[in-house]
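One-letter residues, chain by chain:
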Amino acid sequence: MRIILLLLLTGAQFAYAAGDIFSLSKQIQQTFEAKDYQSALRHLNIALEIAPKHPSFLYYQARALMLTGQQDQALKNLEEIVALGAAPPEHADFASVQNSERWKAIAKQSQLNKTPTHMSDVAFLIPQKDLILEGTAYDPVRKTFYTGSIYRRKILAIDPDGKVRDFAAEKQDGLWGPLGMEVDPERRWLWVNHTNLGEEMPMIDPDPTTKGHTGVFKYDITTGKLIQKYLLAEKDKPHGFNDLAVARNGDVYITDSSDGSVYKIAASKDSLEVLIPTQTFSFPNGIALSLDNRLLYVADIAGLTIVDLRTMKQQKMENPAGVALTGIDGMVFYKDSLVIVGGILGVDRVVRLFLDSDGKSVVRAKVLEANHPLFSLPTTGVMADSSLYYIANSQLRSFDEKGNIFPCEKLQDSFILKVKVD
């Protein structure tokens, strides 16, 4: 699931998290509306301490710098943004520099960043327009893919011949909107997060009494039967399980985006427990385990956090020059790298982040896909046979202000693309 560019660009109302970054975003928005750009800069400086090199914060800082007479620094911000691979929108605040050579170079690079790469092929077409897909999983034993329809409240299976069928029918077993999912191939289980975020993530026939509730379903992947539900509900506190990762020993790690925490279902205990407490992260989303299962990678608005599962020590992954670690939705560990799906300020893309031998630093990045013509908020992916299979057009913003889904003529069939990673 994806929050596009904080409150600054979406207006979405999620729970505040680490560093109160959502509160900062709201304050920045208010200072711009009040034309108090000095205060905006103060808030933006704090935001960029929490989320270094975040293209959206850099962009708003560039605008505030222009409006306070600091043109050179504003252009430096814009140069940094395009160097990260983003495409900052033009704005009247930059009118006074738009004839300069620096601006023309920025505009040229921005346009290049928006150019589609066309390295992905269509893997599967799912001919239903109102699905709103999220979550992907793969069973290497049966060569079967899985994905979830948030709006229709069901789980789909895609057989090796490309045939699409319901693995779990609409609202089966009380399923809400399915999100992150993963197959445990050894135990033959399919783990699926599901949540009811009300109008923030609309679904058919919502029950208002379960708004802010979330849980994990464990299915027998062979029979399709539900084995167990792990539900989390608090009367005055919303939760929203987003993505999950399954360790070789059967442990499951889960991001709670609404709460800013990470949960765990230990195979030895078979129950939900808090692993990393509330408001540690700012809308944690993608999550992945290193090949040896020692390191847990958690993506949030501020970037990437590495958790050593032996000591529970956390450290932020540093942004190397020209690499953005924000805007990550789906994330998969593959060989010596993290393969991520997400978006940064005007650019949706799939990127491979190559890591050092310790798995704690990014040494280089390779863009595998950007701005594919089928993209409409690409979200998550899964590795199979050295390729990433990922949702191209989740259509997560295909709702009006009342939470009603757009008419079919404004929607698309669902596509899963594949791109070679090796």
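Each value, and the rule that gives it
- Along each chain, residues carry numbers from 1 onward, in the same order as the chain's sequence is written.
- Side-chain atom pairs in this predicted model are given and counted only at pLDDT of 80 or more, local residue features only at pLDDT of at least 70, and totals for whole chains, interfaces and linings cover all residues.
- Side-chain numbers come from the whole structure's heavy atoms, not from hydrogens or water.
- For helices the rule is a DSSP run of H or I covering at least 4 residues; for strands it is a run of E covering at least 2, with both sets numbered from the N terminus onward.
- Within these notes, the globule rule equals 2.2 Å times the number of residues to the 0.38 power, and the radius of gyration is based on C-alpha atoms.
- Accessibility here uses a 1.4 Å probe with only protein chains present; expressed as a share of the type maximum, an area under 20% marks a residue as buried, one over 50% as exposed, and anything in between as partly exposed.
- Any pair of residues with heavy atoms lying within 4.5 Å of one another is described as a contacting pair.
- Surface accessibility in these figures is a Shrake-Rupley result with a 1.4 Å probe; residues are shielded only by whichever protein chains are displayed.
- In summary, the charge assignment counts Lys and Arg as positive and Asp and Glu as negative, without counting His or the chain termini.
- By convention, the point assigned to a charge is CZ for Arg, NZ for Lys, CD for Glu and CG for Asp.
- Nonpolar cores are built from buried Ala, Val, Leu, Ile, Met, Phe, Trp, Tyr and Cys residues. Side-chain atoms within 4.5 Å join them into one set.
- Working definition: rings of Phe, Tyr and Trp (its six-membered ring) pair if their centres are within 6.5 Å, and the pair is stacked with planes under 30 degrees apart, edge-to-face with planes over 60 apart, and tilted otherwise.
- A ring is scored as having a charge over it whenever the NZ atom of a lysine or the CZ atom of an arginine sits within 6 Å of its centre and within 35 degrees of its normal.
- Salt bridge, as used here: a side-chain nitrogen of Lys or Arg that lies within 4 Å of a carboxyl oxygen of Asp or Glu.
- Cavities and pockets are defined on a 1 Å grid built over the protein atoms alone: a cavity is a set of grid points where a 1.4 Å probe fits but cannot escape, while a pocket is an open set with protein on both sides within 12 Å along at least five of seven lines, and lining residues are those with an atom within 4 Å of any such point.
- Grid points are joined across faces, edges and corners, and a volume is the space filled by probe spheres set on the points.
- Residue polarity is assigned by list, with Asp, Glu, Lys and Arg as charged and Ala, Val, Leu, Ile, Met, Phe, Trp, Tyr, Cys and Pro as nonpolar; anything else, Gly included, falls into the polar class.
- Helix axes use the C-alpha atoms of the stretch in contact, all axes being lines fitted to C-alpha atoms, and the angles between their N-to-C directions lie in the range 0 to 180 degrees.
- Roughly parallel means an angle under 35 degrees; roughly antiparallel means over 145; roughly perpendicular covers 65 to 115; every other angle is labelled oblique.
- Handedness of each helix crossing follows the sense of rotation of the near helix against the far helix: counterclockwise by less than a right angle gives left-handed, clockwise gives right-handed.
- Here the expected length of a helix is defined as 1.5 Å per residue gap, with one fewer gap than residues.
- A pair of strands is treated as paired once DSSP finds two or more bridges between them.

### Focus: the overall build of the protein
Thinking step 1. When helices and strands are tallied, the protein shows six helices and 24 strands.
Thinking step 2. Against the globule reference of 22 Å for 422 residues, the protein gives a C-alpha radius of gyration of 21 Å, in line with a compact fold.
Thinking step 3. Each principal axis of the C-alpha atoms in the protein carries an extent, and together these give about 65 × 50 × 45 Å.
Thinking step 4. Taking all 422 residues of the protein together, 59% fall into the buried category.
Thinking step 5. Intrachain contacts of the protein at a sequence separation of at least 6 include 53% that bridge at least 24 residues.
Thinking step 6. Total accessible area on the protein is roughly 17200 Å²; 49% of this is exposed by carbon and sulfur atoms.
Thinking step 7. Averaged over its 46 positive side-chain charges, the protein has a centre that lies 2 Å from the centre of its 51 negative ones.

### Quick notes on the nonpolar core
Thinking step 1. Membership of the largest hydrophobic core comes to 37 residues, with the highest contact counts inside it found for F32, L44, F57, Y59, L78, I81 and F94.
Thinking step 2. Broken down by secondary-structure element, the contributors of at least two residues to this core are α2 (21–33), α3 (37–50), α4 (55–67), α5 (71–83) and α6 (101–113).
Thinking step 3. A288, L295, M317 and V323 belong to the second largest nonpolar core, which has 18 residues in total.

### Structural notes on the packing of aromatic side chains
Two numbers describe a pair of aromatic rings. These are the distance of the centres and the angle of the planes.
Thinking step 1. If you walk through the whole model with that rule in mind, you get 18 aromatic pairs.
Thinking step 2. Taking the centre distance of 5.3 Å and the plane angle of 55° together, the rings of F241 and Y263 count as tilted. You can see F241 sitting in strand β10 (residues 241–246) and its partner Y263 sitting in strand β12 (residues 261–265), a full 22 residues away along the chain. Assigned by exposure class, F241 and Y263 land together as buried.
Thinking step 3. When the centroid spacing of 5.9 Å and the interplanar angle of 20° are considered together, the rings of Y297 and F333 count as stacked. You can see Y297 sitting in strand β15 (residues 295–300) and its partner F333 sitting in strand β18 (residues 328–334), a full 36 residues away along the chain. With respect to burial, Y297 and F333 carry one shared label: buried.
Thinking step 4. One residue, K218, lies across the ring of W189, its end atom 4.1 Å from the ring centre.
Thinking step 5. For the cation-ring pair, R364 lies above F354, with the distance from its terminal atom to the ring centre recorded as 3.8 Å.

### A few points about the pattern of salt bridges
Thinking step 1. In this structure the tally under the stated criterion is 22 salt bridges.
Thinking step 2. Between D72 and R102 there is a salt bridge whose closest N-O contact spans 2.7 Å. Within this pair, whereas D72 is found in helix α5, its partner R102 is found in helix α6, the two being separated by 30 residues in sequence.
Thinking step 3. Relative accessible area serves as the criterion here: at 28%, R102 is assigned to the partly exposed category.
Thinking step 4. The partner of R310 in a salt bridge is D308, with the nearest N and O atoms 3.1 Å apart.
Thinking step 5. Each member of the salt-bridge network shares a partner with another, and the members are D72, K76, E79 and R102.

### Description of empty space enclosed by the protein
Thinking step 1. Under the definition given, this model contains two cavities of 30 Å³ or more.
Thinking step 2. Contributing to the lining of the second largest cavity are A324, T326, G327, I328, I340, V341, G342, G343, I344, R349 and V351.
Thinking step 3. Contributing elements (two or more residues each) for the lining of the second largest cavity: β19 (337–344) and β20 (347–355).
Thinking step 4. In terms of residue class, the lining of the second largest cavity is built from six nonpolar, four polar and one charged.

### Describing the layout of surface pockets
Empty space left among the atoms is revealed by rolling a probe the size of a water molecule over them.
Thinking step 1. One number sums up the size of the largest pocket: a volume of about 840 Å³.
Thinking step 2. In this structure, the largest pocket is lined by 34 residues; those nearest its centre are E182, V183, V246, V332 and F333.
Thinking step 3. Each residue belonging to the lining of the largest pocket can be placed in one class, and the counts come to 20 nonpolar, eight polar and six charged.

### Things to note about the packing of α4 against α5
Thinking step 1. Axis separation between α4 and α5 bottoms out at 8 Å; the angle between their running directions is 160°. As judged from the angle between their axes, α4 and α5 are roughly antiparallel. Judged by the twist between their axes, the crossing of α4 over α5 is left-handed. Listed contacts from α5 to P55, L58, Y59, Q61, A62, L65 and M66 of α4 are Q71, Q73, A74, N77, L78, E80 and I81.
Thinking step 2. For the contact of α4 with α5, the per-class residue count stands at nine nonpolar, four polar and one charged.

### Here's the deal with the side chain of D243
Thinking step 1. Within the secondary structure layout, D243 lies in strand β10.
Thinking step 2. The buried category is assigned to D243, whose relative accessible area is 8%.

### Quick look at α3
Thinking step 1. Spanning 14 residues, α3 covers 20 Å between terminal C-alpha atoms, matching the ideal 20 Å at 1.5 Å per step.
Thinking step 2. All buried positions along α3 are accounted for by Y37, S39, A40, L41, H43, L44, A47 and L48.
Thinking step 3. Buried residues along α3 sit against α2 and α4.

### Observations concerning the sheet that holds β15
Thinking step 1. What the four strands build is an open sheet, ordered β14-β15-β16-β17; its pairing is antiparallel. Lying at the two open borders of the sheet, with one neighbouring strand each, are β14 (287–289) and β17 (314–316). Strand after strand, the sheet turns through a mean of 20° between neighbouring axes, direction not considered.
Thinking step 2. Sheet topology note: the strand β16 (residues 303–308)/β17 ladder contains three bridges and is antiparallel. Across the sheet, T305 pairs through a bridge with K316, a residue of β17.

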